[in-house]
Each structure stands twice: as C-alpha cells, then as structure tokens.
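Structural characterization, general
Listed below are the residues making up each chain.
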Amino acid sequence: MKKRITTVVAIFLAVTVTYQWGRLAELSSVLTLVGEANAKETSEERKYRDHYYPGTEQLAPDEMRVIALGTGMPNARMSQAGSCWLVELGNDDKFFFDLGTGCMEKFSVMGIPYGAANKVFLSHLHSDHYGGFQSWWMGGLVAGRRVGVEVWGPSGATPELGTKYAIDKTIEALNWDITSRSGRLPSTPLETKVHEFDYKAINAVVYEQNGVTVRTVPAIHAIDGPVSFILEWNGLKFVFSGDTTPNKWLMKYGKEADIFIHEVFFTVDDLQNRFGWSLGASIQINLLVHTAPPAFGKVMAEVKPRMGVAYHFFNDFDTGAAIQDEIRKIYDGPITLAKDMMVWNVTPDTVKAREIAFSENSWPVEEPGPDPMVKFPNDFGKIRRQKWVELVADDTGTTVQKTQQAITDQLMCGAGNGVAYSPRIRHSAGNGPVTVRWSHPSGYAPNQRG
Ligand SMILES: [Zn+2]
Ligand SMILES: [Zn+2]
C-alpha cells in the first residue's frame, strides 16, 4: 500500500515537473520572440509607411532606394513608360539606369532636381531604353539644370552603332532648340560626357567613384551592343539586365544580388492570343530576344537574389497572373512584378517594395548650386550678336531699329527705355499696327506679321 502511494506520488511529481518544464520552455521561446521583435524595432529594422511620398524619407547611410520610372515596352502607354530605373544611395549619389520613352514625366513627380540626377547608364539603344534622353537632357536645361551630364553606354559593331554616336547625333538634332535658347543657356549645363565602353567586356569596371562601382557584362539581345549592369556600394548589390535572353555572365556575376531587376516577356499564349503572333514567332522571340517567364524563374533560381524584379511586359490584371504562374513552376523566392512608380528600399536587413503616392501636377524644383548665368552673364551664342532682327515700326510710326546685341544688352541690364521688348521680340506698346520684319543673316525671311 505504502509502495503504491509512493509510486503514485512519484508519477504525479514527474508529470507535473515535465508539464511545467514544457510550459517554461514554451514561455521562454515566447519571451525570446518578443525580445527579438523589440530589438528589431529599436535597432536596424526601419519602419516604412504603406506608400512612399517623394521627398519625405531620408535614406539611412547604408540604404539604397530603387525607383521604377519605366517598366514597359516600345509601345507607348499611359501606365508604363519605357525602361528607366532611378537608384538613390545613402551617400546622396543618384543614377539612372536607362531612360526609356516617357520616363521623364514620371521623374518629374519625384521632386528631385535634374542636376542631382545627371548620370545615366544605358543598357542599349532601343528607344524603350533611351527614347527619354531628349527630355532628360533638354528638359533638364529648361528646368534650370546647372551642371553637365554624363552618359555611360556600350559600343556597337561599328562606331555608328555605338552610344557616343547616338548621343552626339541626338544633341546635334536639338540644334534649333539649343540655338533658340542661346543667350539663356550658359555653357556648363550643355556639357555632355559620353563614356563608351566595349560591349564585349566581361565584368569590367566602367565606373568607380565615391565608393560606388558599376560593372558591365554582355547581354544577348537583337544585335551586338546590349549590356547588363552590376552596381555595388556599401555591401549592397544592384543588378539590372536591360534586355537579354538568360545569359551565363549575368547569372555568374549577378549572384546573390540584393535586388536583381531582370526582364521577362509575355507567355507564349499571350503573344499568340493578344498580339496575334504565330506560335513560331512567339517561341522565337521568347528564346532569342527576350526572356520567357519560366526562363526568368530559372535565372532567379541560379542567382538567388534577396528580391527579384520582373519588368518589360504590360503588367495588367489579365497578364501578370499567367506570367507569375509560369515563374512559380521554377522558382519560389521573393519576386515583384514591377509597375511604374514602385519603390524598393534595400538595407542589409530589409528589402521593402511599395507603391509611390504622387501628384501629376508637380513643378520643377529648385536646382542646387550657384546660378551659372551669374557667372557667365555675357555668354551668348554668336547668332544672338548678329543683326538678324529689325523692328521696323512701332505704333507711333517711329522707326525703331536695334541690333540683337542692343536688345539683349537691354534685357540683361534690366534697363528699359520705355519700349518693352521680350526675349521673343514681341512688341507690346499701344494699339496700333505693329510691323515686325524678321531678317535672317542667310537672307531667308521666316516670318512676316502685320
Ligand atoms: Zn531592346
Ligand atoms: Zn526593351
């Protein structure tokens, strides 16, 4: 009897101790989780609002912000501009990767001065990757950009297929625009440095400044010339494919990227049904020119980025799901199907993807640095100095003749003599008929008004 009681008590004690031990272990693991959560809240992990409001969040010294200003294709559409990615770093550096058609409208809402974002890396010279260059270059000038710009881009099979040729000719084509503004444009913002590098270079450094390194590898797309880029800074790695079929160099040198932006194209079904392409053409473009969704999954599985970003397709309610399904057959890691006006904050601890809240009616913001017009008050283009405009008569019938130099002198000094001239040579006095005859040095009279 005594023995039986002892046994029962012993079993009871053993069960109780075991139960409480389990409770304690459970409790301690709960406490550990709470402790970790508190530690994260109070140390590295940043809190982000649901949306990013441009200009409202200062980057931490170890933080990278990637903004999708263009995620689309050569076909213009409201919702998606051509390829354009703005990378902002905690050291205040800002870089564009590509300047696709329509991207500057998106940039305008960011509240960033053009002069603070004056460096671009071009992956190739298709218009959906470079067609926004004019808006960036000339639009920046008009907005008051006070510094020059720099462009990095690949060579081509011949000099005429390289980046330098494209940029030089584009600026040449802006001759009328530049000339018409001469006198209002100092020389510094007109400076454009083109750094053309060998498109065949493999993992070659094309940029190294301020702790930032940018490397290039060849991309396989259309004809010779396209490249992909790898930016590294402060232990963070940003990779941008441009346009390419999956290629071994990007998979090798892009490994373990913190953010890996890679193109993806439509499913073969959508290429046939939505675009009306033949089965053969649909397969061919996905294999030889762009990256099919399952191939995108395979690239991600090889590279294992902290965040994979897919772009270069119309990201609609009835296209994205099918693309994602095909990717998910191969790869289950973190990915974003990009849309314009998305942002990714990248730190050593977090990669946070969000949408951007913005106004469509943004105005240009003030440019940093001293106004070069003060520095170069008389830096006028030669054509301005020529006597090519005659103001024949004002409303009082008095013949007024002034050389262009006299007019510009008057404008610069702000000393009117009772007759109002604007830089566009409008005569604003009185109600009577005003005859303005334009005479160009070439003898060509482009306009007559009465
Ligand atoms: Zn392309
Ligand atoms: Zn493209």
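Quick note: structure is the one above.
The following paragraphs examine the structure supplied in this document.

On to the pairing of strand β2 (residues 64-70), then. Counted residue by residue, β2 has six buried out of seven residues, so it is predominantly covered. Relative to strand β3 (residues 84-89), β2 is paired through six bridges, and the arrangement is antiparallel. From the neighbouring strand, glycine 70 faces β3, where its bridge partner is cysteine 84. One ladder, built from five bridges, connects β2 with strand β15 (residues 342-346); its direction is antiparallel. Within β15, the position partnered with arginine 65 by the bridge is asparagine 345.

Formed by 78 residues in total, the largest nonpolar core has its most connected members in Val66, Leu69, Trp85, Val87, Phe238 and Ile259. When near neighbours in sequence (up to four residues on either side) are disregarded, tryptophan 85 contacts Val66, Ile67, Ala68, Leu69, Phe97, Asp98, Phe240 and Ile261.

To continue, consider helix α5 (residues 163-173). Those residues of α5 lying buried are Thr163, Ala166 and Ile167. Around the axis of α5, the buried residues are gathered within 90° of arc, so they sit on the same side. Set apart from the buried face of α5 by more than 90 degrees, the exposed residues are Lys169, Glu172 and Ala173.

So, on to the sheet that holds strand β5 (residues 119-121). Ordered in space as β1-β16-β15-β2-β3-β4-β5-β6-β7, the nine strands form an open sheet in which the pairing is mixed. Two strands bound the open sheet, and with one partner strand each, they are β1 (51-52) and β7 (192-197). Across two bridges, the pairing between β1 and strand β16 (residues 351-356) is parallel. In the sheet register, tyrosine 52 faces β16, and the bridge partner there is isoleucine 356. Packing against the sheet, α5 makes contact with β6 (149-154) and β7, and its axis sits at approximately 155° to β7.

Rules and cut-offs
- Residues numbered from 1 in each chain as written.
- Chains lettered and ligands numbered in written order.
- Predicted model: local features only at pLDDT ≥ 70, side-chain atom pairs only at ≥ 80, totals over all residues.
- Buried ≥ 20, exposed ≤ 12 C-beta atoms within 10 Å, placed from the backbone.
- Helix = DSSP H or I, 4+ residues; strand = E, 2+ residues; numbered from the N terminus.
- Pairing = 2+ DSSP bridges.
- Core = buried A, V, L, I, M, F, W, Y, C linked by C-beta atoms within 7 Å.
- Contact = placed C-beta atoms within 7 Å.
- Arc of directions from axis to C-beta.
- Axes fitted to C-alpha atoms, helices over the stretch in contact; angles between N-to-C directions.

By themselves, these observations are geometric and do not establish any function.
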